[in-house]
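Structural characterization, general
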Amino acid sequence: MQNKAPLVPKAKQGADACDPREWEWVEASIWTDRMLTTLGNGVKGGKWFSLIDKVYAEKTLLAAWQRVAKNRGAAGVDKVSVNRFNGHASGYLKELREELHDGHFRPQPVRRVHIPKGGGKTRPLGIPTVKDRIVQTALKMVLEPIFENEFHPSSYGFRPGRGCKNALRKVDGLLKEGFTWVVDADLAGYFDSIPHERMLSRVQEQVSDGRVLDLLRLFVENDIVEGMQHWTPTRGTPQGAVISPLLANLYLHPLDKLVSEEYGARIIRYADDFVILCRNQREAMGALEVVQQWVTENGLTLHPDKTHVCDCNQSEQGFDFLGYHFSNGKRWVRKKSMTALRDKIRRKTPRNNGHSIKQTIEELNPMLRGWFYYFKHADPRTFSPIDGFVRRRLRSIARKHLKKNGGSGRCLNDHMLWPNSYFAELGLFTMREAHHALVRQPR
């Protein structure tokens, strides 16, 4: 049976109405109509009490487990995978509920791994156990609407109903309106440097349930294991933890308000990546000073080499944001994103992979299609060179199948043996054709 649409918190700042769809994402077993009404009207004293019972409620833990199972992910330090947990889910969930109810729950250490992020660099990723991911998800389902009701509209990262495309659309619109002086800011190691006490104090401004706050503290100060190393962090929140994006947004929320409401500039933020769009250089330099002061006062650091002010009307200037490079009124794919794509294509098209051309194409297509539909607003000249690069890699594999030594699929004979039409017949997704199809669509 489907739950009826919940009531919606009152619109703020004089808005005439809220869209009910904005709150369809909440867990109805937790956020009942009555609670959402309270959220809209304002809770007594401005703080929420008695939330822990909603965290350990049977329906909450079951809903949290279903979300964790859907997201899958690797096993934590206990080596219990999602599949293994699923085999004993009812028993595990009962244990979790009892531990949370009795106040005996303690998270296990987070397993840290490093994932590539381009340029030979890596990003640390924390992997909690499946049990801990369930508890964090339950916490998030209880707390997220409280903070979502306050978050500024300039924030787009890891928020319900918002994403990269919304942020990019907003940037495009502001540039067209003449906000072409841009502060391109980069917070150095943001997720690893958030001060714990200040972050938890932001939570305490709206939540007074001591057991919920204690549970959050356990996760924030949880031990980390990497190989033979084992330590307790004094700052930061691990990337990969379910609760981290919500806490990271909460910590930067005052910056959103400061820049937008007090200074009056246009900030567009996606997690720790943000740009500030202004009408002139003076306003942009002033915004940078405001940000620098706030960042310093809040225990963070701006990356000196990656933070700058630029005039987007100048072809030699511009800024990177969410994979794109904005310059001279156009969107381009930033160099790092292009390099990352070519590296992925190379990994999927080794000459000795043992797969048929058709099978290789079937493995390539989802990645190529996904990349194109994210970057489809880039300058049209972006796509043909990528198509050519993919076909050269495929021709190189075809040469290997015919035991032709060497060659990179560039010579005329290779083009005659395996023309573009050959790959089209095998179903190869080509970005140039996809872009032409988009242009031909009626608006």
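This report concerns the structure included in the present document. (Residues numbered from 1 in each chain as written. Predicted model: local features only at pLDDT ≥ 70, side-chain atom pairs only at ≥ 80, totals over all residues. Heavy atoms only, no water.)

Moving on, we come to the overall build of the protein. Along its length, the protein carries 18 helices and 11 strands. Residue pairs at least 24 apart in sequence account for 70% of intrachain contacts in the protein once pairs closer than 6 positions are excluded. Element-wise, carbon and sulfur atoms account for 49% of the exposed surface of the protein, whose accessible area totals about 23,100 Å². Counting 69 positive and 49 negative side-chain charges, the protein places the centres of these two groups 8 Å from one another. (Helix = DSSP H or I, 4+ residues; strand = E, 2+ residues; numbered from the N terminus. Contact = heavy atoms within 4.5 Å. Areas by Shrake-Rupley, 256 points an atom, 1.4 Å probe, with all protein chains shown as cover. Lys, Arg positive; Asp, Glu negative; His and termini not counted. Charge placed at Lys NZ, Arg CZ, Asp CG, Glu CD.)

On to the environment of Leu 402, then. The topology assignment puts Leu 402 in the loop between helix H15 (383-401) and helix H16 (412-417). The exposed category is assigned to Leu 402, whose relative accessible area is 52%. Considering only alpha carbons, one finds Leu 402 and Trp 31, 371 residues apart in sequence, at a separation of 63 Å. (Buried < 20%, exposed > 50% of the residue type's maximum accessible area, 1.4 Å probe, protein only.)

Attention shifts here to a positive patch on the surface. A cluster of basic side chains, namely Lys 117, Lys 121, Arg 123, Lys 306 and Lys 336, defines a positive patch on the protein surface. Relative to the elements of secondary structure, Lys 117 occurs in strand E1 (residues 110-118). You can call Lys 117 partly exposed: its relative accessible area is 36%. (Patch = residues over 30% accessible without salt bridge, like charges linked within 9 Å, V, L, I, M, F, W, Y side chains within 5 Å. Salt bridge = Lys/Arg side-chain N within 4 Å of Asp/Glu carboxyl O.)

Ile 134, Leu 143 and Ile 276 are the most contacted members of the largest nonpolar core, which totals 77 residues. Here this core gets 10 residues from one element, more than from any other, and that element is helix H6 (residues 130-148). Once residues within four sequence positions are removed from consideration, Ile 276 is found in contact with Trp 181, Val 182, Val 183, Val 259, Ala 265, Arg 266, Ile 267, Ala 287 and Val 291. Formed by 46 residues, the second largest nonpolar core is a distinct cluster that contains Leu 168, Met 338, Ile 345 and Ala 434. (Core = buried A, V, L, I, M, F, W, Y, C linked by side-chain atoms within 4.5 Å.)

To continue, consider the sheet that holds strand E6 (residues 266-270). Strand order in the open sheet formed by four strands is E6-E7-E3-E8, with antiparallel pairing between adjacent strands. Each end of this open sheet is capped by a strand with a single partner; those strands are E6 and strand E8 (308-311). Going across the sheet, the axis of each strand differs from the next one's by a mean of 20 degrees, ignoring polarity. When strand E3 (residues 181-186) meets E8, the two strands line up antiparallel, connected through four bridges. For Trp 181, the partnering residue across the bridge sits in E8 and is Asp 311. On top of the sheet, helix H7 (residues 164-176) reaches E3, E6 and strand E7 (273-278); it is set at about 160 degrees to E6, its chief contact. Contacts from helix H12 (residues 281-297) reach E3, E7 and E8, with the element oriented near 145 degrees to E7. (Pairing = 2+ DSSP bridges. Axes fitted to C-alpha atoms, helices over the stretch in contact; angles between N-to-C directions.)

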